[in-house]
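For reference, the chains in residue letters:
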Amino acid sequence: MNDFLQYTLNGLTVGAFYALVALGYTMVYGIIRLLNFAHGDFFMVGAFLATGVLSLLTGSGLPSGLVVVVALVAATAAAAALGGVSARIVYLPLVKAPKLSLLVSALGLSLAVEYGTALSQGTGFRSVPHIGFLSAEHAIGLTDGVRLTYAQLGVIAVSLALMIGLYLYVTRTFTGTAMRVLAMDQDAARLMGVNVERTIMMTFIIGAGLAGTAGTMYALYYPQVNFLMGFLLGLRAFTAAVLGGIGNIPGAMVGGFLIGLLESYATGYVAGRWTDVVVFGVLIGVLVIRPSGILGERVAERV
Amino acid sequence: MRGISGLTGLLDSARVKIPSLAVFAVVLLAFPSIADEYWTDVGVKVLLYVVLGLGINVVVGYAGLLDLGYSAFFAVGGYTTAILVGNYGVNWWLTLPIAMLVAAIGGYLIGYPTLRLRSDYLAIVTLGFGEIVRVTANNLEFTGGPDGVILPFRPVLFGYELAGTQSMYYLVLVIALVVGLGATSLTRSKIGRSWESVREDERVAEAVGVPSIRVKALAYVVGGVIAGVAGAFFATYIGIVSPTSFTFLTSVLILLVVLIGGRGSLVGVFLGALVVQGTPEVLRSIGDEWRIFLFAVVLIVLMFVRPLGLWPARTRRGARLAQSAEEPPLPEVGVAPGEPLLEVRGLTMRFGGLLALNDVDITVGRGEVLGVIGPNGAGKTTVFNCVTGVVRPTAGKVVLGGESLIGRHPHQVVQRGMARTFQGARLFSDMSVVENVLVGMTARMNSGVLTSLLRLPAQRREEQRAGRQARYWLDFVGLSDKATRFARELSYGDQRRLDIARALASNPLVLLLDEPAAGMNPSEKADLMELIGRIRDRGVTVVLIEHDMAFVMGLCERVLVIETGAKLTEGSPYEVQQDPRVIEAYLGVDEDDEGDEDADGDLGAGPDDTTAPTLTKGQ
């Protein structure tokens with residue numbers, strides 16, 4: 001039982017990363033039907049940038065809480081900017097091109113960002129400076145042996161806050177409404193005066209920003225970064241987005257936490273090396289039963 | 001003979017002139033003599049990727065199924081050969097068909113449960129299968145774990161060991177040619193057209209007679225077999241099969257062969273393989289990171305310059321129009337003219353809480369033209385959808401020529417003699433006009449995979465006959481002069497006629513037309529009336545949904561009125577026109593619906609009728 005609780009807490013933490021990154025996948029897919037393979041790399045860039053800021057500021061005498069906040073904000077902004085720039089340069093010119101061409105561009109962008117990072121930062125693992133209050137010994141002991149570290153608590157809390165914020169943004173603001181409209185019918189949205197290019201860019205900026213935040217927290221939690229980290233995490237997050245129902249924002253959150261839990265239980269009860277088989281096996285099983293994912297809407301059959 | 005026709009097929013589809021092909025062949029043949037050992041090795045890898053590219057081209061390029069886990073089949077082929085040769089000492093040549101079989105089974109297993117998924121979901125599922133195969137191979141002892149399986153043997157052909165890089169080059173070259181010919185045979189047959197139709201519009205393909213699930217599963221199986229062949233050769237060439245050879249990145253590289261080269265084109269596949277396998281070799285000296293970085297930039301730039309790939313499939317379709325036409329005889333049915341051919345009893349359709357159809361009875365006599373009218377949202381198209389198996393009715397019976405159609409898939413309904421058209425003509429827009437008509441014949445053609453692959457005489461005769469019949473139907477609707485155009489290039493009126501020709505091509509007993517005259521001008525409508533008259537004169541029974549009352553009154557002996565999901569009345573056009581309930585129902589709802597002003601005007605013969613907008617029914 002204690003094991004189960006501990007696995008659940010670990011799973012929720014990892015799930016929070018997946019959920020944050022899955023949101024970007026799902027938003028971009030919803031709007032331009034693109035599987036943005038580079039999205040995981042926005043996460044990686046955020047992690048690297050946060051590492052840079054932390055290295056620069058730890059030891060400067062600033063309180064470590066402030067350092068963490070600065071790193072979070074800087075990495076989020078940088079990832080968001082990268083998302084916006086890639087949308088402008090790589091994707092927007094191809095919005096009318098066949099979907100598969102966009103997919104090639106996304107693969108190209110992903111490799112370019114990964115190996116651009118490798119060229120400037122090296123291919124090895126880089127360790128992230130130690131932040132005292134986020135280390136494993138600072139934890140809330142629940143029942144005996146089950147611990148929720150401050151770091152885990154922070155990751156889950158920040159993620160939930162961002163998800164609620166995003167949900168309100170998409171449902172309550174004008175730009176959010178424009179995004180939802182665009183997802184339904186691009187031509188109609190344009191005719192109704194929605195600035196399509198700007199809205200697409202905004203979607204990329206927000207999605208990449210969320211990935212940047214996730215990257216920072218990931219760097220602080222695991223404390224190490226590598227230029228390929230976004231690829232592996234992105235694959236999981238993409239799976240989470242599909243599991244929840246791609247194009248559906250609450251679905252991405254649910255899918256993210258589910259994949260996190262599944263991974264944690266699989267690692268705990270089966271074996272780490274079988275985790276992928278369990279995760280993808282469950283995904284395929286769910287899709288066979290519910291072809292549009294857990295929260296995905298049923299696509300009406302029309303002839 | 002067969003080989004020659006296959007070769008000309010290759011030439012056709014590649015748009016290459018004979019001299020350039022000859023030069024290309026000479027370069028391919030002479031390459032190992034010019035190149036050193038290292039570059040010959042690169043050549044073998046390029047050719048292996050050509051084979052893989054041909055396989056994924058079937059799945060992605062033709063059938064339009066995005067596959068992100070294609071290396072799973074490659075792995076299955078490789079491991080099968082490696083384990084049989086390495087652990088059990090089986091003759092390599094014997095393992096080749098076994099590898100193909102195992103990969104085919106893999107394709108079927110992956111394909112069948114997932115084919116009802118939409119394309120993007122399919123992408124992640126295939127990715128998942130790819131990972132499952134790789135991780136499983138990595139974890140099992142049977143497959144040698146992370147170290148993989150080593151094969152000590154090299155294939156022996158006529159007592160000559162195919163060990164060196166050079167002999168392997170020629171062997172893989174032959175395989176690439178054979179696979180290329182086979183893929184061409186398939187893609188230029190009924191099967192290839194079925195794949196393309198499913199890619200263009202799966203639901204319409206199913207509704208005009210293509211067994212879409214089976215066709216998609218077949219694409220996975222064929223793709224799997226080809227990857228299995230490549231895997232078997234890869235295993236014996238490299239001498240070791242291990243999980244690192246079959247990662248997600250491998251799947252992506254194979255996919256890129258087709259996307260860089262251009263979907264559905266053989267030259268494209270070759271160029272794609274050259275780029276994917278060749279570029280990294282050319283850039284080898286600058287270091288791994290720079291190499292991949294530059295490759296990535298090339299990909300991005302390439303999509304700006306040539307979004308469809310380096311050498312996309314031909315823009316003018318190769319399928320030619322047959323010289324002569326052949327009229328197919330109307331199928332036999334044990335129903336005398338005038339006797340009930342199509343009977344619908346108690347048809348009820350519920351969508352959640354909405355009762356779309358409530359206990360509708362329809363009887364259509366053989367040879368009759370029945371009109372179905374009713375306000376928008378009354379349920380007319382739902383009747384068509386229930387009758388043709390697109391949706392399964394909640395209750396009721398549908399019987400055609402004595403045989404129940406309930407529970408049949410749409411393509412089976414077409415097989416049994418009922419075809420339909422669509423509101424707004426949903427054509428296969430990236431296929432040619434004549435190909436659209438040929439797809440409509442799928443339900444009447446018998447050739448299977450093997451006969452198509454080998455171009456057996458029976459299959460070729462059937463294709464030729466289909467071509468002559470397509471000619472007949474195009475002549476019939478007056479589109480023969482536009483036969484080789486893309487369907488999307490046609491004018492609106494021509495698209496509607498092609499939609500009808502495609503439905504007629506299945507040689508139906510009953511033809512269902514869904515608003516055929518919508519959006520047509522008066523002279524187009526007159527032409528259409530004449531065309532439907534000729535269809536009736538052939539003995540085809542016609543049921544048509546139409547808003548234009550003059551059109552309905554001019555063609556139909558009998559008219560059925562549907563309103564809010566129930567039959568309001570039926571009778572001769574004159575009786576229906578005089579029925580006060582019809583006038584009320586029809587005019588009540590259409591007052592401010594501009595799309596139906598024809599119906600208003602034409603039905604409201606008297607001036608007083610137009611002042612009766614009393615009903616506003618829930619639409």
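Only a predicted model underlies this, so the values are computations on that prediction, with no experimental measurement involved. (Residues numbered from 1 in each chain as written. Chains lettered and ligands numbered in written order. Predicted model: local features only at pLDDT ≥ 70, side-chain atom pairs only at ≥ 80, totals over all residues. Heavy atoms only, no water.)

S.K.: Explanation requested: the confidence of the model for chain A in the structure shown.
M.R.: A low pLDDT score tells you not to read the predicted coordinates there in detail. Per-residue confidence for chain A gives a mean pLDDT of 89; residues scoring 70 or more make up 98%. Of the regions scoring below 50 in pLDDT, residues 299–303 of chain A engages in 13 contacts with residues more than four places distant in sequence or in other chains. (pLDDT = per-residue confidence, 0-100. Contact = heavy atoms within 4.5 Å.)

S.K.: Whenever I open this one, helix H2 (residues 18–34) of chain B confuses me. Can you help?
M.R.: Each α-helix winds once per 3.6 residues, and so residues spaced three or four apart point in a common direction. Here H2(B) is 17 residues long and its end C-alpha atoms lie 23 Å apart, about the 24 Å a rise of 1.5 Å per residue gives. Along H2(B), the sharpest change in direction is near 30 degrees and occurs at B:Leu28; proline B:Pro32 comes one to four residues later. (Helix = DSSP H or I, 4+ residues; strand = E, 2+ residues; numbered from the N terminus. Expected span 1.5 Å × (residues − 1). Bend = angle between axes of the 7 residues up to and from the residue.)

S.K.: Can you walk me through the packing of helix H3 (residues 37–62) of chain B against helix H12 (residues 266–282) of chain B in this structure?
M.R.: Packed helix pairs are specified by the crossing angle of their axes together with the interaxial distance, meaning the distance between the axes. All names here are of chain B. For the pair H3 and H12, interaxial distance at closest approach is 8 Å and the crossing angle is 140 degrees. Overall, the two elements H3 and H12 adopt an arrangement that is oblique. Classified by chirality, the crossing of H12 by H3 is right-handed. Contacts from Tyr38, Trp39, Val42, Lys45, Val46, Tyr49, Val50, Gly53, Leu54 and Asn57 in H3 reach Leu266, Val269, Phe270, Ala273, Leu274, Val276, Gln277, Glu281 and Val282 in H12. Along the lines of polarity and charge, the residues of the contact of H3 with H12 split into 14 nonpolar, three polar and two charged. (Axes fitted to C-alpha atoms, helices over the stretch in contact; angles between N-to-C directions. Parallel < 35°, antiparallel > 145°, perpendicular 65-115°, else oblique. Left-handed = near helix turned anticlockwise from the far one by under 90°. Nonpolar A, V, L, I, M, F, W, Y, C, P; charged D, E, K, R; others polar.)

S.K.: What am I meant to see in the pairing of strand S13 (residues 558–563) of chain B here?
M.R.: One face of the sheet, then the other: side chains in a regular strand alternate in exactly this way. Residue and element names in this part refer to chain B. Taken across its six residues, S13 has five buried, putting it largely inside the fold. Pairing of strand S7 (residues 369–373) with S13 involves four bridges; the strand directions are parallel. If you follow isoleucine 373 over to S13, its bridge partner there is valine 561. In the sheet, S13 pairs with strand S14 (residues 566–571) via five bridges, with the strands oriented antiparallel. Across the sheet, residue valine 561 finds its bridge partner in S14, namely threonine 569. Between the end of S13 and the start of S14, which pair antiparallel, lie two residues, with threonine 564 showing a positive phi angle near 35 degrees. (Buried < 20%, exposed > 50% of the residue type's maximum accessible area, 1.4 Å probe, protein only. Pairing = 2+ DSSP bridges.)

S.K.: I would appreciate a short explanation of the environment of A:Leu220 in the present structure.
M.R.: All names here are of chain A. Mapped onto the elements, leucine 220 comes out in helix H8 (residues 196–221). Residue class for leucine 220 comes out buried when judged on its relative accessible area of 14%. When the C-alpha positions of leucine 220 and histidine 130 are compared, they lie 8.0 Å apart, and in sequence the two are 90 residues distant. The contact partners of leucine 220, leaving out residues within four places of it in the chain, are Leu54, Val68, Ile131 and Leu134.

S.K.: Explain the interface of chain A and chain B here, please?
M.R.: By convention, interface size is frequently given as the accessible area that disappears when the constituent parts associate. Listed as interface residues are 49 residues of chain A and, on the opposing side, 45 residues of chain B. Roughly 4,300 Å² is buried in total at the junction of chain A and chain B, and carbon and sulfur atoms are behind 79% of that figure. Inspection of the region where chain A meets chain B yields four residue pairs in polar contact (both at pLDDT 80 or more). Among the secondary structure elements, those contributing two or more residues to the side of chain A that touches chain B are helix H3 (64–91), helix H4 (99–121), helix H9 (229–244) and helix H11 (275–289) of chain A. In terms of residue count, the dominant contributor to the side of chain A that touches chain B is H4(A) (15 residues). When its residues are assigned to classes, the side of chain A that touches chain B shows 34 nonpolar, ten polar and five charged. (Buried area = accessible area lost by both parts, 1.4 Å probe. Polar contact = N/O pair within 3.5 Å; in protein donor to acceptor, adjacent residues only side chain to side chain.)

S.K.: Looking at this model, I keep getting lost on the sheet that holds strand S5 (residues 340–351) of chain B. Mind explaining?
M.R.: Strands in a sheet are paired, the pairing made by backbone hydrogen bonds, and the direction either parallel or antiparallel. Residues and elements named next belong to chain B. If you walk across this open sheet you meet the four strands as S6-S5-S8-S9, and the pairing is antiparallel. Of all strands in the sheet, those bounded by a partner on one side alone are strand S6 (354–365) and strand S9 (403–404). Bridging between S5 and strand S8 (residues 395–400) involves five bridges; their strand directions are antiparallel. When the bridges of S8 are listed, glutamate 343 appears paired with valine 399. Sitting on the sheet, helix H14 (residues 380–387) is in contact with S5, S6 and S8, with an inclination near 110 degrees to S5.

S.K.: Quick question: what am I supposed to make of the packing of aromatic side chains here?
M.R.: What describes a pair of aromatic rings is the distance from one ring centre to the other and the angle between the planes of the rings. Under the defined criterion, the tally for this structure stands at 30 aromatic pairs over all chains. Ring geometry for A:Phe43 and A:Tyr218: centres 5.2 Å apart, planes at 75 degrees, overall edge-to-face. Taken together, the residues A:Phe43 in helix H2 (residues 39–57) and A:Tyr218 in helix H8 connect sequence positions 175 residues apart. The class for A:Phe43 is buried, based on a relative accessible area of 0%. Centroid distance A:Tyr218 to A:Tyr222: 4.5 Å. Interplanar angle 40 degrees. Geometry classified as tilted. Its relative accessible area of 35% is what places A:Tyr222 among the partly exposed residues. Feature note: the residues A:Phe17, A:Phe43, A:Tyr218, A:Tyr221 and A:Tyr222 constitute an aromatic cluster, connected by ring pairs. Its end group placed over the ring of B:Phe486, B:Arg488 keeps NZ or CZ at 4.4 Å from the ring centre. (Phe/Tyr/Trp six-rings, centres within 6.5 Å; stacked < 30°, edge-to-face > 60°. Lys NZ or Arg CZ within 6 Å of the ring centre and 35° of its normal.)

S.K.: Looking at this structure, I do not really get the UniProt feature "transmembrane region" (unreviewed entry) in chain B. What am I missing?
M.R.: All names here are of chain B. UniProt's entry tags residues 21–40, 96–115, 168–187, 217–240, 252–278 and 290–311 with the feature "transmembrane region" (unreviewed entry), counted in the numbering of this structure. As annotated, residues 21–40 comprises 90% helix and 0% strand, and the C-alpha atoms at either end are separated by 21 Å. Its end C-alpha atoms 27 Å apart, residues 290–311 is made of 73% helix and 0% strand. (UniProt positions renumbered as here; feature names shortened; annotations may be inferred.)

S.K.: So what exactly am I meant to see when it comes to the domain arrangement of chain B here?
M.R.: Residues and elements named next belong to chain B. The assigned domain composition of chain B is domain 1 (35–247) and domain 2 (340–417 + 508–596). Here the C-alpha centroids of domain 1 and domain 2 sit 48 Å apart. Each partner contributes residues to the interface: domain 1 has seven residues there, and domain 2 has four residues. Regarding the contact of domain 1 and domain 2, the summed buried area is about 410 Å², with carbon and sulfur atoms giving 62% of it. Interface area lost by domain 1 to domain 2 is led by Glu206, Ala207 and Gly209, which between them contribute 72%. In this structure, the connection of domain 1 to domain 2 is made through one residue pair in polar contact (both at pLDDT 80 or more). Looking at the side of domain 1 that touches domain 2, its residues break down into four nonpolar, one polar and two charged. (Domains from an automatic or database assignment.)

S.K.: Honestly, the pairing of S8(B) in this entry has me stumped. Any pointers?
M.R.: As defined by bridge partners, S8(B) adjoins S9(B) across two bridges and the pair is classed as antiparallel. Bridged to B:Val399 within S9(B) is B:Ser404.

S.K.: Even after reading the chapter, I still don't get the UniProt feature "transmembrane region" (unreviewed entry) in chain A, so can you show me in this structure?
M.R.: Residues and elements named next belong to chain A. Look at the UniProt record and you will see "transmembrane region" (unreviewed entry) annotated at residues 12–35, 42–60, 66–91, 100–118, 150–170, 200–221 and 277–296. Measuring from the first to the last C-alpha atom of residues 66–91 gives 36 Å, for a span that is 100% helix and 0% strand. Note that residues 100–118 is 100% helix and 0% strand, and that its end C-alpha atoms are spaced 27 Å apart.

S.K.: Sorry if this is basic, but what is going on with empty space enclosed by the protein here?
M.R.: The gaps of empty space that remain are located by a probe, the size of a water molecule, rolled over the atoms. Applying the stated criterion to the full structure yields three cavities of 30 Å³ or more. As a volume, the largest cavity reaches approximately 80 Å³. If you go around the largest cavity, the residues you meet are B:Leu342, B:Val344, B:Ile362, B:Val364, B:Leu370, B:Val372, B:Val383, B:Phe384, B:Val387, B:Leu512 and B:Val543. At the level of elements, S5, S6, S7 and H14 of chain B are the ones that each hand at least two residues to the lining of the largest cavity. Looking at the lining of the largest cavity, the element that brings in the most residues is H14(B), giving three residues. Counted by class, the lining of the largest cavity contains eleven nonpolar, no polar and no charged residues. Estimates place the volume of the second largest cavity at around 50 Å³. Looking at the second largest cavity, the residues that line it are A:Tyr25, A:Phe37, A:Gly40, A:Gly230, A:Phe231, A:Gly234, A:Leu235 and A:Phe238. (1 Å grid on protein atoms, 1.4 Å probe; cavity = no way out; pocket = protein on both sides within 12 Å on 5 of 7 lines; lining within 4 Å. Points joined across faces, edges and corners; volume = space filled by probe spheres on them.)

S.K.: Sorry if this is basic, but what is going on with the side chain of B:Glu546 here?
M.R.: Residue and element names in this part refer to chain B. On the secondary structure map, glutamate 546 appears in the loop between strand S12 (541–545) and helix H21 (549–555). Buried and without a salt bridge, glutamate 546 has lysine 525 as its closest oppositely charged side chain, separated by 6.2 Å. A polar atom in the side chain of glutamate 546 sits 2.9 Å from the backbone nitrogen of alanine 517. There is a polar contact of 3.3 Å between the side chain of glutamate 546 and the backbone nitrogen of aspartate 548. (Lys, Arg positive; Asp, Glu negative; His and termini not counted. Salt bridge = Lys/Arg side-chain N within 4 Å of Asp/Glu carboxyl O.)

S.K.: Quick question: what am I supposed to make of the pattern of salt bridges here?
M.R.: Any two side chains of opposite charge can pair, so long as their charged atoms come close to each other. All names here are of chain A. Taken as a whole and assessed by the stated rule, the structure comprises 30 salt bridges over all chains. Across the pair arginine 236 and glutamate 263 runs a salt bridge, and its minimum N-O distance is 2.4 Å. Of this pair, arginine 236 sits in helix H9 while glutamate 263 sits in helix H10 (residues 249–270), and the two are 27 residues apart along the sequence. By relative accessible area, which is 13% here, arginine 236 ends up buried.

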